[in-house]
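# Analysis of the macromolecular model
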Amino acid sequence: MNPLVQLAATEAENPLIPPIPELVIGLIAFVIVFGFLAKKLLPNINKVLDERREAIEGGIETAEALQAEAQSALEQYKAQLAEARHEAARLRQDALEQGTALKEELRAEGQRQREEIIAAGHAQIAADRKAASQALRQDVGKLATDLAGKLVGESLEDHARQSRTIDRFLSELEEKAASTGAAR
């Protein structure tokens with residue numbers, strides 16, 4: 001064969017354009033395969049996609065429900081926390097008031113004990129003063145009696161006489177002390 005004839009035959013057959021019978025057979029096979037896929041495979045694919053969509057939507061609804069539940073739990077927690085803080089503040093205030101009251105009670109008790117101690121001290125001082133005054137009176141009386149006995153020259157051992165002399169002497173001393181104190 002002549003190379004030119006071969007070249008012309010080759011040019012008649014374009015590799016980009018398939019022959020018509022192959023094109024028709026390919027198209028028929030495509031329609032058959034597409035129809036088969038549409039009848040058998042497409043419903044399964046749609047079923048899986050619907051299940052997935054329902055699962056996603058159910059998951060979203062579940063997540064929203066859980067989020068709402070978590071939000072309500074958070075609000076309850078916040079309310080309980082606020083209540084606990086309020087209770088702690090109330091307890092702190094009660095403790096402060098009790099401490100203040102206890103401090104006042106202790107202060108009053110200390111003041112009362114102080115007053116009792118001072119009163120007991122005054123009573124003891126008065127008793128000691130009275131005892132000292134009585135002891136002094138007896139000592140001064142005895143000295144006065146001895147001195148008066150030496151001056152008078154007679155014994156003043158008689159108890160009644162001694163007592164009268166002592167009383168008279170002390171009365172005179174008290175009058176002199178009172179008149180000296182009034183003159184000042």
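Read on for a plain summary of the structure. Nothing here was measured: the structure is a model prediction, and the numbers come from that model.

Each helix and strand in the protein chain was counted, giving three helices and zero strands. Summed over all atoms, the accessible surface of the protein chain reaches about 16,100 Å², with 62% contributed by carbon and sulfur.

Now for the pattern of salt bridges. Across all of its chains, the model carries eight salt bridges by this definition. For E104, the salt bridge identified is with R107, shortest N-O distance 3.0 Å. Placement of the pair is E104 and R107 together in helix α2 (residues 20-152), with a separation of three residues, close to one helical turn. Residue class for E104 comes out partly exposed when judged on its relative accessible area of 41%. Across the pair E115 and R114 runs a salt bridge whose closest N-O atoms are separated by 3.5 Å. Exposure remark for R114: the relative accessible area of 42% places this residue in the partly exposed category. In the salt-bridge network here, residues are joined through shared partners; they are D50, R53 and E57.

What counts, and where the lines are drawn
Residues numbered from 1 in each chain as written. Predicted model: local features only at pLDDT ≥ 70, side-chain atom pairs only at ≥ 80, totals over all residues. Heavy atoms only, no water. Helix = DSSP H or I, 4+ residues; strand = E, 2+ residues; numbered from the N terminus. Areas by Shrake-Rupley, 256 points an atom, 1.4 Å probe, with all protein chains shown as cover. Salt bridge = Lys/Arg side-chain N within 4 Å of Asp/Glu carboxyl O. Buried < 20%, exposed > 50% of the residue type's maximum accessible area, 1.4 Å probe, protein only.

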